[in-house]
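Structural overview for review
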Amino acid sequence: MPWKQPEMRTRANRWCILLTLGGLASVSGCRTAEPSMEATVPTARAATETFRVEASRLASNLRLPAELVADQTVDVYAKVNSYVKHLRVDIGDVVKKGDLLVTLEAPEIEAQLASARARWAAMEALHVASKASYERTVRTSATEGAVAHDAVDQARAKEQADAAQVVAAKAHYDELLAMRSYLVMRAPFDGVVTERNVELGTYVGPSGRGSHKPMLVVRAVQKLRLHVSIPEAYSPYVHLDETVKFTVRSLPGREFSARITRRARALDAELRAERIEADVDNPDGALLPLMVADASIALSSQGPTIMIPRTALVESGMGTYVLRVQDGAAKRVPVSRGMRAGEKVEVFGAIETGDVLVLKASEEMKDGMAVAGG
C-alpha cells in the first residue's frame, strides 16, 4: 500500500544508523584496549648483583660479662687450737707484707715446749755419759785381756743410741717451737683486710674444727684480675697480649683497659667456655674485687680468611650455602658459617679467592638458574 512506503523507509534508515553506531563503538573499543595490551608485555630482567671473593683478616669485638677479683687473696686461719690474745687490724686496714695481724695464745703449747726442752737436755746428758763410757772402754781395751771385745761393742752401741735420742728430742722440740710460731699471724703480702670474723678471746682453730670461717681475709687490691669466660665458638679468635676494654656500673663514664695475660687452654665443664684472665692496674683503688664488668674483647683470625656479605649467605632447611656464578649460571656451594663481623660473615667451604658470588642470594634462586652479569 502506498501509505506504508514512507514508514518502511523510515525504519530502514533507523537500522542503518544503529548499525553504523555499533561499528564505530566496536572500532573505538579495540583502539582503547591497545594500550593495556602493550602494558602486559614483560620488561627486561634486571642484572643480578655479584661480587668477587677476597681474603682478609677478620677483626671484630665481642661483648661479654666479666668479673673482677683480687690478684691475691688469703684466708687467715689458726694452725692450732688457741685463743685470740691481740687483734692488731680491722676491716679496711692497709697492711704491708710482714705486718702483725693477730697474736694467739695456747698455754698447752708452752707447757709441751718446756717438757720437750727438758727431755732434750736429759737426752744430751745421757749421751755425754755414754760417750765418756765408750771412750774409756776403748782406752782400756788397748791393754791385752783387760776388756772383752763385746764390752767395747756394747759401749759403742749405747753411745750411738743415746746420740739418736738426742736428735729425736731436739726434733720434737723444734716441732713444738714451729707450732708456737703459728700463734703469731703476719700479712703474707701487701693488701687490705676485707673481712674480720673474730674478737678478743675468741676460740679459734684449724678450718672445720675450732673455726668455720677465717679469722681474717686479706686481699691485694692494687692489682686486680679480670675473669672472662669465652664461648667455644669464639675461643680461637682470642689471643694473649690483646687489650680488653671494660666498664663497671658503679663508675659510669669511665672506661678501663687490661691486657690478656693468661688463658685456661681448656673448656669449663659447665659453661663449655674457656676462661681468660687480664691483669688490671688499680692504683687509685677505684675498682673493687668482685665487681661485675661489661668487657669488650678484640677478636681476630690467625691469618687471612674468607669474609662475605651477610646477604650472600643463604641459611635454609636445605642447608647453608652460597650461589657461585659459573658460565652464566648460579651453582649452590655448601659452606659452614664462622664468626660474624658487622655486616660480613666468615665462611668455610669449597670457595676460593677470585670466585664470583651472588650478592643478594635467596631460597627462590634455583640451582642452575641463568644469571646476568652485573
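Per an unreviewed UniProt entry, the recorded name for the protein chain is Efflux transporter, RND family, MFP subunit, and the organism is Myxococcus xanthus.

Take the pattern of salt bridges next. Inspection of every chain in the model, using the stated rule, returns 20 salt bridges. Each member of the salt-bridge network shares a partner with another, and the members are Asp-71, Lys-223, Arg-225, Arg-262, Arg-275, Glu-277 and Asp-279.

By size, the foremost hydrophobic cluster in this structure holds 32 residues, and its most contacted members are Leu-68, Leu-226, Val-228, Phe-246, Val-248, Leu-287 and Ile-297. Discounting chain neighbours no more than four positions away, the residues touching Val-248 are Leu-68, Phe-256, Leu-287, Met-291, Val-292 and Ala-293. With 22 residues, the next largest nonpolar core counts Val-80, Val-84, Met-185 and Ala-220 among its residues.

It is worth spelling out the sheet that holds strand S8 (residues 203-204) at this point. The sheet built from four strands is open, its strands ordered S6-S5-S3-S8 with antiparallel pairing. Across the chains shown, the open sheet's two edge strands, defined by having one partner strand only, are strand S6 (184-186) and S8. Sheet topology places strand S3 (residues 82-87) next to S8; two bridges connect them, and they run antiparallel. The residue of S8 that forms the bridge with Ser-82 is Val-204.

Moving on, we get to the side chain of His-127. With respect to the helices and strands, His-127 occurs in helix H2 (residues 107-140). Contact partners of His-127, with chain neighbours within four places excluded, come to Glu-159, Asp-162, Ala-163 and Val-166.

This brings us to the layout of surface pockets. Its volume calculated, the largest pocket comes out at about 200 Å³. Lining the largest pocket we find Arg-254, Phe-256, Ser-257, Ala-258, Arg-259, Thr-261, Asp-279, Val-280, Asp-281, Asn-282, Pro-283 and Asp-284. Elements with a minimum of two residues in the lining of the largest pocket: strand S11 (256-267) and strand S12 (273-281). It is S11 that contributes the most residues to the lining of the largest pocket, five residues altogether. Tallied by class, the residues present in the lining of the largest pocket amount to four nonpolar, three polar and five charged.

Here S3 runs beside strand S5 (residues 100-105); their pairing, made up of four bridges, is antiparallel. Bridge pairing in S5 places Tyr-83 opposite Glu-105. Pairing between S5 and S6: three bridges, direction antiparallel. Within S6, the residue paired with Val-102 across the bridge is Met-185.

Time to look at helix H3 (residues 149-181). If you check H3, its first and last C-alpha atoms are 49 Å apart, about what 33 residues at 1.5 Å a residue would give, namely 48 Å. Those residues of H3 that fall on the buried side of the exposure criterion are Val-152, Ala-155, Glu-159, Asp-162, Val-166, Ala-169, Tyr-173 and Leu-176. Where the residues of H3 are buried, they touch H2.

Each α-helix turn comprises 3.6 residues. Residues three or four places apart therefore point the same way. When the terminal C-alpha atoms of H2 are compared, their 50 Å separation across 34 residues agrees well with the 50 Å that a helix rising 1.5 Å per residue should span. Turning to H2, its buried residues are Ile-109, Leu-113, Ala-116, Trp-120, Met-123, His-127, Ser-130 and Thr-137.

Positive phi outside glycine occurs at Asp-241, with the angle close to 75 degrees. Following the sequence through the fold, Asp-241 ends up in the loop between strand S9 (216-231) and strand S10 (243-248). Phi at Arg-272 takes a positive value of approximately 55 degrees, unusual for a residue other than glycine. Accessibility expressed as a relative area gives 48% for Arg-272, which makes it partly exposed.

The rules we used
Each chain has its residues counted from 1, running along the sequence as written. Confidence filtering applies because this is a predicted model: local features only for residues at pLDDT of at least 70, side-chain atom pairs given and counted only at 80 or more, and all residues used for totals across whole chains, interfaces and linings. As a rule here, side-chain values cover all heavy atoms of the structure and leave hydrogens and water aside. Every case where a carboxyl oxygen of Asp or Glu lies within 4 Å of a side-chain nitrogen of Lys or Arg is listed as a salt bridge. Within this scheme, the nonpolar core is defined by two criteria: the residues are buried Ala, Val, Leu, Ile, Met, Phe, Trp, Tyr or Cys, and they are joined through side-chain atoms within 4.5 Å. The buried label goes to any residue with under 20% of its type's maximum accessible area, the exposed label to any with over 50%, and the partly exposed label to all in between, with areas taken from a 1.4 Å probe on protein chains only. Whether two residues are in contact is decided by their heavy atoms, any of which lying within 4.5 Å being enough. We call two strands paired when DSSP finds no fewer than two bridges between them. Helical segments are the DSSP runs of H or I of at least four residues, strand segments are the runs of E of at least two, and each set is numbered from the N terminus. Residues are called lining when one of their atoms sits within 4 Å of a cavity or pocket point, these points coming from a 1 Å grid over the protein atoms alone, where a cavity is a set in which a 1.4 Å probe fits but cannot get out and a pocket is an open set with protein on both sides within 12 Å along at least five of seven lines. Grid points are joined across faces, edges and corners, and a volume is the space filled by probe spheres set on the points. Polar here means any residue other than Ala, Val, Leu, Ile, Met, Phe, Trp, Tyr, Cys and Pro, which are nonpolar, and Asp, Glu, Lys and Arg, which are charged; Gly is therefore polar. In this scheme, a helix's expected span is set at 1.5 Å multiplied by one less than its residue total.

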